[in-house]
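Each chain is listed here by its residues.
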Amino acid sequence: MGAPIEVSSGEQRAAPEAVLAGAAGRIEGRSLGQIAWMRLKRDKVAMAAGIMILVLIALALLAPVITRALGTSPNDFNSNLIDPVLSKPKGSFGGISLEHPLGIEPINGRDVLARVLYGARISLLIAFLATLLSVTLGVLLGVFAGYKGGWGDTVISRTMDVFLAFPLLLFAIALAGVIPSEAFGLSGNGLRIAVLVFIIGFFSWPYMGRIIRGQTLSLREREFIDAARSMGARTPHVLFRELLPNLVAPILVYSTLLIPTNILFEAALSFLGVGINPPTPSWGGMLNQAIDFYRVDPMFMIIPGAAIFLTVMAFNLLGDGLRDALDPRAR
Amino acid sequence: GNDSGSGGGSGSSGGGGSAEYNAASEGIVNKSDATGGTLKYVLSDAPDSMDPGDTYYAFNWNFTRLYARPLLTFKPAPGKAGLELSPDLAESLGEVSADGLTWTYKLKQGITYDDGTPVTSKDVKYAIARSNYTAELVNGPKYFAQYLDAGNYAGPYKDKNLDDFTGIQTPDDSTIVFKLKAPFSEFDFLVANPQSAPVPQAKDKGLQYQAAVASTGPYKMESHEVGKSLVLVKNDKWDPKTDENRKQLVDRIEVQFKVDANDIDQRLMNGQADVDLGGTGVQAQARATLLQDPNQKKNVDNPQTGFLRYAMLSTQVPPFDNADCRKAVLYAADHEAIQAAYGGSAGGDIATTALPPSVVGYEKADEYGFLQDKNGNPDKAKQALQACGKPGGFSTKIAVRGDRPKEVAAAEALQQSLSKVGIKTSIQQYPSGDWSAQFAGNPQFVHANGLGIQIAGWGADWPSGFGFLSQLVDGRAIKANGGNYNQMELNDPEVNALLDKGIQTKDETERNATWTQVDQKVMASGALLPFVYEKTILYRPENLTNVFVNPSYGMYDYSQLGTTKK
Amino acid sequence: MAAFIVRRLLAAVILLVVVSMMTFAIFFLVPRLAGMNSDQLALRYVGRGATAESIEATKERLHLDDPLPVQYGRFVQGIVVGDEFNYGPEVVKCPPPCFGYSFRNSQPVTALLIDRIPVTASLAFGAAILWLIGGVSVGVLSALRRGSVFDRAAMSTALAGVSLPIYFTGLLSLALFAYHWKLWPNGVNYVPFTTNPLDWAYNLILPWVTLAFLYAALYARLTRASMLETMNEDYIRTARAKGLRERTVVVRHGMRASLTPILTIFGLDVGLLLGGAVLTESTFSLPGLGQLVVDAVFGNDLPIVLGVVMVASVFVILANLIVDVLYATLDPRVRL
Amino acid sequence: MNRPVEEWASLVPMEDDAPTAFLDVRDLRIHFPTDDGLVKSVDGLSFTLERGRTLGIVGESGSGKSVTSLGILGLHKGQHARISGQVWLDGEELVGASPEHVRRLRGKKMAMIFQDPLSAMHPFYKVGDQIVEAYRVHNEVSKKQARKHAIDMLGRVGIPQPSERVDDYPHQFSGGMRQRAMIAMALSCDPELLIADEPTTALDVTVQAQILDLVRELQSEFNSAVMVITHDLGVVAELADDILVMYAGKAVEQGSARELFTAAEHPYTWGLLSSMPRLDRDRQDRLVPIAGSPPSLINVPEGCAFHPRCRFCELSAPRSLTEVPVMTETSPGHRVACHLEPAERRRLWAEEVQPLL
Amino acid sequence: MTISDVSPRPADAGAPRPPLLEVTGLTKHFPITRGVLRRQIGAVKAVDGIDFTVAAGETLGLVGESGCGKTTTGRMLTRLEEPTGGRIVFDGRDITHLSVARMRPLRRDVQMVFQDPYSSLNPRHTVGTIVGAPYRLQSVKTEHGTKRAVQDLLERVGLSPEHYNRYPHEFSGGQRQRIGIARALALRPKLIVADEPVSALDVSIQAQVINLLEDLQDEFGLTYVVIAHDLSVVRHISDRVAVMYLGHIVEIGPRQAVYEKPQHPYTSALLSAVPVPDVTRRDNRERIRLQGDPPSPIDPPPACPFHTRCWKAQEVCRTVTPPLVEFAPGQRAACHFPENAPDGPYEPGTDSIVAPAS
Ligand SMILES: Nc1ncnc2c1ncn2[C@@H]1O[C@H](COP(=O)(O)OP(=O)(O)OP(=O)(O)O)[C@@H](O)[C@H]1O
Ligand SMILES: Nc1ncnc2c1ncn2[C@@H]1O[C@H](COP(=O)(O)OP(=O)(O)OP(=O)(O)O)[C@@H](O)[C@H]1O
Ligand SMILES: [Mg+2]
Ligand SMILES: [Mg+2]
């Protein structure tokens, strides 16, 4: 009896509020990305790490400018500052002085600061490019394996097992050893960088692949995938429009965490002597040189070591922060 | 009084020079006949083989004498005398026929193996056959195969009948006759190689022979774990009367392989080890410690090793096909910076010739004034550039063995000095394993990749001009497929002719003068840029006795060492 | 279970074949692709006194002229039924599993492997015990005292730990502990356990600690995350609701569940390390599989490389299998 | 029937008053500070419960039902929860008591059945062992005895072949059996207070009916006090003697079950009653939903928390927008927190709401 | 007094119309593999030969206990799952095994509403993208552009057009379900399969969504297959009801008949198990209490699947599969001993649980 109560007017009165989904207060079309960014901004440690990374990148990019301003260069010898008999820098602490704030290299007296700065270029460049490669491979193959399942999944998963079962470093050494000096239209350091990027990226994609595959497996069970399929979406649409945006968070987080791993990988290769061509400096290469002097000139080991440490740490901190910020469960 | 010092260790070191910086380079330190004790050798690597017939390391040619006696050996003496040959298994130096094609040696009587079997000339013949004519023993040099007139001998492993080996004849058990294809005046040096140490055919196990070598020397193998360790003990069948070249002082010799180089230094200084078998000297870390501390410095020797460190300028790679362009590099090179790369003044003396001083035939010369202009002579370099038609400089590549830090550092130093005169270089690293086979030693590769400058080093197989230079500068020996050491591809008919002439010259003085000429010719070509005459920093533990550097090996003479430690 | 193991073993065999083929391809094929012919390959192994004849002979002896599949077939055959090797005057049998003979010094690879495995195993197991105890206990404590000073300090240290290259920490500790304070005045020198257990341990302490530090840092982070997650589970609430003591809740309920996945990662890590802790071994010059294989790689000693890679893969695969079986016994929900 | 409005607070005995009820919750507040703000999950909740009686707590998702029950058991400790107020259980105050003391009471004096029996049981331990564990913390008995007890309990809750199933793992049980096992575990120490948090939500109707029967039987057998938390009015109607309706962390109406179903006075309760289709009535043509969505517990609407969704909000404006209504007794044992005049409420119920049910 | 159906429903119009959807013998078996070679050793018989039809404009409710195959049926109807056997004829076309490409155009006509409002919307897409997706995927041009069409739809389901640029996480469960419904409506489908559209929602919100679904049906003349386990919801929304048990339809018929005069004992048991929010009748209800849980679909009981829990079961139930027989107009049940059949054995008392019609 009586007319049914008018529904719609009453319903619009209540403001649509997400129960604890985002922050309190006004929520004006804010994407999850913006929410994550807000959370990240509150994470002081992660922000500091992020700023440090930016500074580092700036330093690397501006290395020529900075060294010119300081009147040094990464390849200029300062033989006069080297003890001719002992081959180590004169003075204490690796020859630290006003002109050479981080000291000089044994044997030839090159400026360590300039070399560390130039080394950052190589380390970061290789790490970034290698990460890009492994992320691309890992995401493509991981998504494919996770979504398609069946034989494709089996083959890709087993391939990942094979890669993970490999003593990677060996292959890296072996491959780096057989690089011709010219190939693919590249030569010299360009080619070496390309090869190092390939080796590092190609061997670290399974880490990304596994994570993405796992995420895809669980996303595949989500109903919005079925929804897209039930509307007639083709596989590429499902993969790239529906799945991929949801993988951005893990991709971002694990890329950030992969970069430091790759920095260490590159350094390890250089450390083992299969890195970039001299005299181009790289951190691992500097450490490699430092082995011969670490007891008589410890500064020369500590400085590139510290550079690696700080950079890797900054990326790890940022990655941790990103993970917290992007974690849907985190509050 | 009795209260001073601990024990009378120093008392037993009767006679001989006392410990002083570089004392063992020129004289004998701690001369002593005291016996007993154990000597501990350590090596940072594993040797190619401990088989006297299958090794190409100077330290092993030195060391294997403890259990293998070749026909001749170098005199156990410091200084120039050490470069001379002394009869060992043979009664005297070789007798050469008039045509220079036959060399005859007589074996001493009464020499036996450690099991008491007498040594015969057949065993020497067999030893040379196995080391030079088999596919299995590949490590050692193949000079006998190169110079003996043996036809198509298949080697003892394929052809069990030793009589088919006609290059060597054994008319009786104590006579051995070598038949040559062409006269070879320095043949005595060839038989001073441990390859001429006898091997009983029955005991030969090929590649496994190194595990239990039949000993003729003062020591024999007690145990040998290949690649790990070796223990030698006294061989009571060794008769000192037949052997004026060796001593049998210590009771036991232990060798440990694959010890980290820095740890070796540490052990030497701590008294945990006595000799670095490799004889390549201490690492940078220890060097600084040793040279800074006067107490330690007196236990340091700084001998030349007989090695020349150099860069070769590839005469087939433009613009180095032009001699003036090569000379521009020679003039521009900063020798002091390069010397620093090799360890500074203690790592080597600046080199000015192709032959190192420890080699007969060396004559002092400095055509390019390396010693006056230690940091290079840019003016002359620019003149040379002008002359070669590249006044603004040019660019080229420096090839270097990536796993040799000193050579990489030298490449960097060279690169720096060249850049000052407008010669731009990029450094290419290659693994040393394939260096000569695939990269720098492979002309096709060198040409294709434009490797204008290659950095390497060389030591003589025997201390003569020929022993040093024949592999390096003989243009006729260049192999198209790789494996070359004449990486500058110098093929100067005059040089080739001088080499031929010299080796056929019987008169020693005349011969040695030929080597000097070769040296001058090579230097004049501008294709060889000598860096340093390498020196090592050897640590000489105080307990070692009879220590001196044998210049033939560039390290302590291992046949003489004793110890005061019991 | 049995079917599972059989299936996994079958898969393992396939995996090993793939791994060996890849290794083969990298070491045998890539040089050829890079333009090396068999003469040049042979030149690697003939030493300085190479002559045309010795190159020819070496090619023949090392079968460098055979097509790759034939070479691969010989390799597999060696593992399965054994091989024979020409030492010169005589031919010796190499019983299966025969990984061939070093191209460099003609030592049987199998013997070399057997010789090196104890070193690597000593290093790996010792470090593993240390890091498992250290990392897990720090991780658990951190999780339980989330946000406390201890947690912050531990996690900062752990972060530092994962950010430091092992060769850097290794060299630093060598410089400080071994040489500066002279705790190991002669450096680190491996002594077999059978020779002298005390020396064995004394010499391995530094590598153990260095390696364990890296992994402990990693495990502390993993454990903490896993523990935090577990302690939020409903069944932990149930355990508390039963009135269990907090200790029981943490240990019996929390740790049991959170450490099970850690244990599986642990198995895999140990498996990987057993195949050669390349950087640690080279930093401390320990004569383990890692050193062996690095030397072999630099020396182009392919049989050794292949041998170590195979052994390493077997370790990883075995570790995988053990971990899976273990997981199934620890977690009753997993059916094999 | 216009009784003077009395403040609910004055009805609550003061602290020094000895609590007479078996369970007496007074002004319980449980707040969680989060990055996004303070979550006031429970905000001034008071109620009592006697032995042998069943209290049903209803309310929609997020209204604080579970937080309340966990708060009574003292399970928020160490979770950064801010808890105030008092919980008296059998004459003992629990909020201020030592955690160790509360722990001893848990499982023995008060026990809980959780909503999702799969995630609430440890996946790695056998069902029997989990019951044994619960029994042995509070009873000094041998393992064997405890096991026998566990088998007994499993039999009591209707698990077939208990002596065999005792060695199964939770995942080997079906949903209904798991919930039975949970109940067996909760009852293993004869608790005097049993809290069942949505004990049947995860179950099918046929199994739900079995479980409800079981709870009823066990309660009459043990004479324990039972708190049933649910959002299904049907379940409450089956089990509860008294009903507490929660909205946004507060109680909005409380009374006997009969009263609430026949004479509800809070618009939110009306909404609940009228929005669900009922099998026991003729099929309505249209359902009458509650408009809008549940509120955020961080930004609880000012005034009456329900006002943005209340159909009758205008009738008591502007008070409902500014002033938080207090729980007031409208008839003996029946309290409501609403700004509408009691007479108005009864009129609306009779004219607008009841006919639609 | 009773409120009977006010608006005349097509189902009540009496005259049988051509079915929009016709399902015969529909079967889905999920293989179970085991052993070294992963041989198939059995199958989960999720759906085991079901037949039903849905007329245009009517609502078919599908009820049953968890795991009885409701969702699988729904997914087969929308061809998200490939049927193992049987036939699905939609609008006169056999769509049982249509290829993905051939199916695509047909998808306009069959849409789905999902159970979980939290997982059925892509959290990375805006509402506009989500609701506009069908247009884009099917390349449908709308008169005033997609945005306008989407905003109209949003308005129609009770959301504001301003919500166009917002993300799902900003909405409550009920609002999300509206978004899902708007998406399903976009292409004006003929058939909507709704899998538990309200079971994840709060009691207070359920009714909003149910009302909306009903309104839309009237407005657009939609046909629904509504899957639910809540019997009261199904009764409210459906014209006809099908009761499933262990992959079989055990009873199907007009709503009133099924609820008031159930033929299958399982239906009776289900109905009697529903807790009724009426304290007054708490103690004087007669209940049928089923024992135990449904058997596993891997190894279903032979013949009548319900015989293991049926209090009426006799030998024949264990040996002969009861066919789906029409006991009353439109009401069919698969039972040897139906409850309310005029000629079947009659057990008094069990029907008293249902309120008598007026
Ligand atoms: N540890 C916590 N930290 C922050 N907020 C919490 C915590 N525990 C619960 N909450 C919040 O408190 C509110 C009440 O939660 P509670 O679990 O009591 O709801 P409920 O009434 O049981 O709902 P449901 O019917 O969904 O179980 C929710 O909004 C929840 O998000
Ligand atoms: N992909 C699959 N593989 C194997 N078995 C499956 C699969 N999907 C469903 N099943 C099984 O098929 C049976 C029917 O499942 P379905 O999801 O259709 O049931 P339902 O009636 O929707 O149940 P619920 O009410 O729990 O949603 C169940 O036993 C389920 O475990
Ligand atoms: Mg709850
Ligand atoms: Mg379902």
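Within any chain, residue numbers begin from 1 and follow the written order of that chain's sequence. The order in which chains are written sets their letters, starting at A; the order in which ligands are written sets their numbers, starting at 1. Note on the predicted model: pLDDT of at least 70 is required for a residue's local features to be given, and 80 or more for side-chain atom pairs to be given and counted; whole-chain, interface and lining totals, by contrast, use all residues. Only heavy atoms go into the side-chain values, all of them from the structure, while hydrogens and water stay out.

A. Summary view of the overall build of chain B. We count a stretch as a helix when DSSP gives it H or I for four or more residues in a row; a strand needs E for two or more, and each element gets its number in order from the N terminus. A count of helices and strands for chain B gives 16 helices and 23 strands. Between the two quantities, the radius of gyration covers C-alpha atoms and the globule rule is 2.2 Å times the number of residues to the power 0.38. Since a compact globule built from 566 residues should have a radius of gyration of about 24 Å, the 24 Å found for chain B is in line with a globular shape. Over its C-alpha atoms, taken along the principal directions, chain B stretches across nearly 75 × 70 × 40 Å. Residue burial in chain B is summarised as follows: out of 566 residues, 64% are buried. Looking at chain B alone, contacts between residues at least 24 apart form 71% of all its contacts between residues at least 6 apart. Accessible surface, chain B as shown: approximately 19,100 Å² in total, 47% of it carbon and sulfur. Neither His nor the chain ends is counted toward charge; the positive residues are Lys and Arg and the negative residues Asp and Glu. Charge coordinates come from a single atom per side chain, which is NZ of Lys, CZ of Arg, CG of Asp or CD of Glu. Distance between charge centres in chain B, computed from 55 positive and 68 negative side chains, equals 1 Å. Each residue's exposure class comes from its accessible area (1.4 Å probe, protein chains only) as a fraction of the maximum for that residue type: buried when under 20%, exposed when over 50%, partly exposed otherwise. It only takes one pair of heavy atoms within 4.5 Å for two residues to be counted as in contact. Areas reported as accessible are Shrake-Rupley estimates using a 1.4 Å probe. Residue values count occlusion only from the protein chains shown.

B. Quick look at the pattern of salt bridges. Salt bridges are defined as contacts in which a side-chain nitrogen from Lys or Arg sits within 4 Å of a carboxyl oxygen from Asp or Glu. In the structure shown here, the tally under the stated rule is 87 salt bridges over all chains. Asp-320 of chain A is paired through a salt bridge with Arg-221 of chain C; the nearest N and O atoms lie 3.0 Å apart. One end of the pair, Asp-320 of chain A, is in helix 12 (residues 298–326); the other, Arg-221 of chain C, is in helix 8 (residues 197–231), on a second chain. Asp-242 of chain D is the partner of Arg-53 of chain D in a salt bridge, and the nearest nitrogen-oxygen pair spans 3.2 Å. Highlighted residues: Arg-53 of chain D in the loop between strand 2 (37–49) and strand 3 (54–58) and Asp-242 of chain D in strand 9 (residues 242–247), separated in sequence by 189 residues. By sharing partners, the salt bridges in this structure join Arg-309, Arg-401, Arg-404, Glu-407 and Glu-534 of chain B into a single network.

C. Here's a closer look at the state of the cysteines. Residue and element names in this part refer to chain B. Two cysteine sulfur atoms make up a disulfide if the distance between them is within 2.5 Å. Taken as a whole and assessed by the stated rule, the structure comprises two disulfides over all chains. Here Cys-325 is linked by a disulfide to Cys-388, with a sulfur-sulfur distance of 2.0 Å. Handedness of the Cys-325-Cys-388 disulfide follows from its S-S torsion of about 65 degrees: it is right-handed. Within this pair, whereas Cys-325 is found in helix 9 (residues 323–332), its partner Cys-388 is found in the loop between helix 11 (378–387) and strand 15 (395–401), the two being separated by 63 residues in sequence.

D. Summary view of the interface of chain D and chain E. Taken together, the contact pairs 49 residues of chain D with 49 residues of chain E. Of all residues in chain D, the largest losses of buried area upon contact with chain E belong to Leu-279, Arg-283 and Asp-285 of chain D, amounting jointly to 19% of the total for that side. The interface formed by chain D and chain E includes three salt bridges. With its nearest N and O atoms 2.5 Å apart, the salt bridge here joins Arg-286 of chain D to Asp-215 of chain E. N or O atoms within 3.5 Å of each other form a polar contact, as long as, within protein, one can give a hydrogen and the other can take it, and as long as residues adjacent in sequence are counted only when both atoms are side-chain atoms. In this assembly, chain D and chain E are joined by 18 residue pairs in polar contact (both at pLDDT 80 or more). Elements that contribute at least two residues to the side of chain D that touches chain E include exactly helix 9 (205–222), helix 10 (233–239), helix 11 (257–262) and helix 12 (267–275) of chain D. For the side of chain D that touches chain E, the leading source of residues is helix 9 of chain D, giving eight residues. Throughout, buried area stands for the accessible area (probe radius 1.4 Å) lost by two parts on being put together, summed over both.

E. The side chain of Thr-536 of chain B, seen in detail. Mapped onto the elements of the fold, Thr-536 of chain B is located in the loop between strand 18 (528–535) and strand 19 (538–539). Look past the residues within four positions of Thr-536 of chain B in its chain and what remains in contact with it is Gly-279, Thr-280, Gly-281, Asp-301, Asn-302, Pro-303, Thr-305, Ala-346 and Gly-554 of chain B.

F. Quick peek at the arrangement of the chains. Most contacts, when the eight pairs of chains in contact are compared, are made between chains D and E. At the level of C-alpha atoms, the two units chain B and chain D stay apart, their nearest approach being 50 Å. For the non-touching pair chain B and chain E, the nearest C-alpha separation works out to 45 Å.

G. Seen up close, the nonpolar core. Only buried residues count toward a nonpolar core, which is a set of Ala, Val, Leu, Ile, Met, Phe, Trp, Tyr and Cys residues joined through side-chain atoms within 4.5 Å. Core analysis: the largest hydrophobic core is formed by 181 residues, its most contacted members being Phe-63, Leu-71, Phe-178 and Phe-187 of chain B. A per-element tally of this core places helix 12 (residues 405–419) of chain B first, with seven residues. Counting residues in each nonpolar core, the second largest holds 163 residues, with Ile-308 of chain A together with Trp-184, Leu-211 and Val-249 of chain C among its members.

H. Expanded view of the sheet that holds strand 2 of chain D. Residue and element names in this part refer to chain D. The criterion for strand pairing is that DSSP finds at least two bridges linking the strands in question. An order of 2-1-4-5 is seen for the four strands of this open sheet, with the pairing classed as antiparallel. Single-partner strands in this sheet number two, and they are strand 2 and strand 5 (92–93). Looking at chain direction, strand 1 (residues 23–34) and strand 2 are connected through ten bridges and run antiparallel. From the neighbouring strand, Phe-32 faces strand 2, where its bridge partner is Val-39.

I. Just the domain arrangement of chain C, in detail. All names here are of chain C. Each domain span listed reflects an automatic or database assignment of domains. Assigned domains of chain C: these are domain 1 (2–109) and domain 2 (114–335). Once you take the C-alpha centre of each, domain 1 and domain 2 turn out to be 33 Å apart. Each side of the interface is counted separately: domain 1 has 22 residues, and domain 2 has 19 residues. Here domain 1 and domain 2 share an interface that buries about 1,900 Å² over both sides, 78% of which is from carbon and sulfur atoms. On the domain 1 side of the interface with domain 2, the three residues burying the most area are Arg-8, Leu-16 and Phe-27, jointly 26% of the side's total.

J. Region of interest: the sheet that holds strand 17 (residues 453–459) of chain B. All names here are of chain B. One open sheet holds the six strands; their spatial order is 14-18-13-17-15-16, and the pairing between them is mixed. If you trace the sheet from one side to the other, it starts and ends with strand 14 (348–350) and strand 16 (424–430), each paired once. Averaged over all neighbouring strand pairs, the angle between strand axes comes to 30 degrees, with direction disregarded. Bridging between strand 13 (residues 304–313) and strand 17 involves seven bridges; their strand directions are antiparallel. By the bridge assignment for strand 17, Phe-307 is matched with Gly-459. What counts as an axis is a line fitted to C-alpha atoms, over the stretch in contact for a helix, and the angles between N-to-C directions run from 0 to 180 degrees.

K. Inspection of the site of ligand 1 at higher detail. Ser-41, Ser-61, Gly-62, Ser-66 and Val-67 of chain D are the nearest of the 16 residues found near ligand 1. Residues are labelled near a given molecule or strand when at least one of their non-hydrogen atoms is within 4 Å of it. Residue neighbours of ligand 1 fall on chains A and D, so the site bridges chains. A distance of 2.5 Å separates an oxygen atom of ligand 1 from a polar side-chain atom of Ser-61 of chain D. Relative to its unbound accessible surface of 640 Å², ligand 1 loses 76% to contact with the protein. Taken together, the elements giving at least two residues each to the shell around ligand 1 come down to strand 1, strand 2 and helix 2 (65–73) of chain D.

L. Representation of the site of ligand 2 within the structure. Residue and element names in this part refer to chain E. Taken together, 13 residues form the shell around ligand 2, and within it Ser-66, Gly-67, Lys-70, Thr-71 and Thr-72 come nearest. Contact between ligand 2 and Ser-66: an oxygen atom at 2.6 Å from a side-chain N or O atom of the residue. Look at ligand 2: alone it shows 630 Å² of surface, and the protein chains cover 62% of it. Of all the secondary structure elements, the ones that give two or more residues to the shell around ligand 2 are strand 2 (39–55) and helix 1 (70–77). Per element, the largest residue contribution to the shell around ligand 2 is three residues, and it comes from helix 1. Counted by class, the shell around ligand 2 contains five nonpolar, five polar and three charged residues. Residue type decides the class: Asp, Glu, Lys and Arg count as charged, Ala, Val, Leu, Ile, Met, Phe, Trp, Tyr, Cys and Pro as nonpolar, and the leftover types, Gly among them, as polar.

M. Layout of the packing of helix 11 (residues 283–290) of chain A against helix 12 of chain A. All names here are of chain A. At a minimum axis separation of 8 Å, helix 11 and helix 12 run at an interaxial angle of 150 degrees. As judged from the angle between their axes, helix 11 and helix 12 are roughly antiparallel. Pair helix 11 / helix 12 crosses with left-handed handedness. Facing helix 11, whose interface residues are Trp-283, Gly-284, Met-286, Leu-287, Gln-289 and Ala-290, helix 12 presents Phe-300, Met-301, Pro-304, Gly-305, Ala-307, Ile-308 and Thr-311. To sort the angles, those under 35 degrees are grouped as roughly parallel, those over 145 as roughly antiparallel, those from 65 to 115 as roughly perpendicular, and the leftovers as oblique. Throughout, a crossing is termed right-handed when the near helix is turned clockwise from the far one, and left-handed when it is turned anticlockwise from it by less than a right angle.

N. Up close: a nonpolar patch on the surface. All names here are of chain C. Exposure above 30% relative accessible area and the absence of a salt bridge qualify a residue for a patch, where like charges join within 9 Å and nonpolar side chains (Val, Leu, Ile, Met, Phe, Trp, Tyr) within 5 Å. A cluster of nonpolar side chains, contributed by Leu-176, Phe-177, Trp-181 and Leu-183, occupies part of the molecular surface with about 390 Å² of accessible area. Here Phe-177 lies in helix 7 (residues 166–180). A relative accessible area of 34% places Phe-177 in the partly exposed class.

O. Main features of the packing of aromatic side chains. Residues and elements named next belong to chain B. Classification of ring pairs rests on two measures: the distance between centres of Phe, Tyr or Trp rings, Trp counted by its six-membered ring, which must be within 6.5 Å, and the angle between planes, read as stacked under 30 degrees, edge-to-face over 60 and tilted in between. Scanning the entire structure with this criterion turns up 58 aromatic pairs over all chains. Between the aromatic rings of Phe-63 and Tyr-67, the centroid separation amounts to 6.4 Å while the plane-to-plane angle is 75 degrees, which identifies the pairing as edge-to-face. Take Tyr-67: its relative accessible area is 0%, and that puts it in the buried class. Ring centres of Tyr-430 and Phe-445 lie 5.6 Å apart, and the angle between their planes is 85 degrees; this geometry places the pair in the edge-to-face category.

P. Broad picture of the confidence of the model for chain C. Summary of the metric used: pLDDT quantifies the predictor's per-residue confidence within the range 0 to 100. Overall, the predicted model of chain C reaches an average pLDDT of 86, with 99% of residues at or above 70. Confidence estimates for the predicted assembly give a pTM of 0.84 and an ipTM of 0.82.

Q. Structural context of the interface of chain C and chain D. The interface is formed by 21 residues belonging to chain C together with 24 residues belonging to chain D. Summed over both partners, the interface of chain C with chain D buries about 2,300 Å², with 59% contributed by carbon and sulfur atoms. Counting the surface chain C buries against chain D, the share from its top three residues, Arg-237, Lys-242 and Pro-332 of chain C, is 26%. Where chain C packs against chain D, one counts two salt bridges. A salt bridge links Glu-133 of chain D to Arg-252 of chain C, with the shortest nitrogen-to-oxygen separation between them at 2.9 Å. Taken together, chain C and chain D are joined by 14 residue pairs in polar contact (both at pLDDT 80 or more). Within the residue set of the side of chain C that touches chain D, elements represented by two or more residues are helix 9 (234–241) and helix 10 (246–274) of chain C. In terms of residues, the side of chain C that touches chain D owes the most to one element, helix 10 of chain C, which gives seven residues. Partitioned by chemical class, the residues of the side of chain C that touches chain D number six nonpolar, five polar and ten charged.

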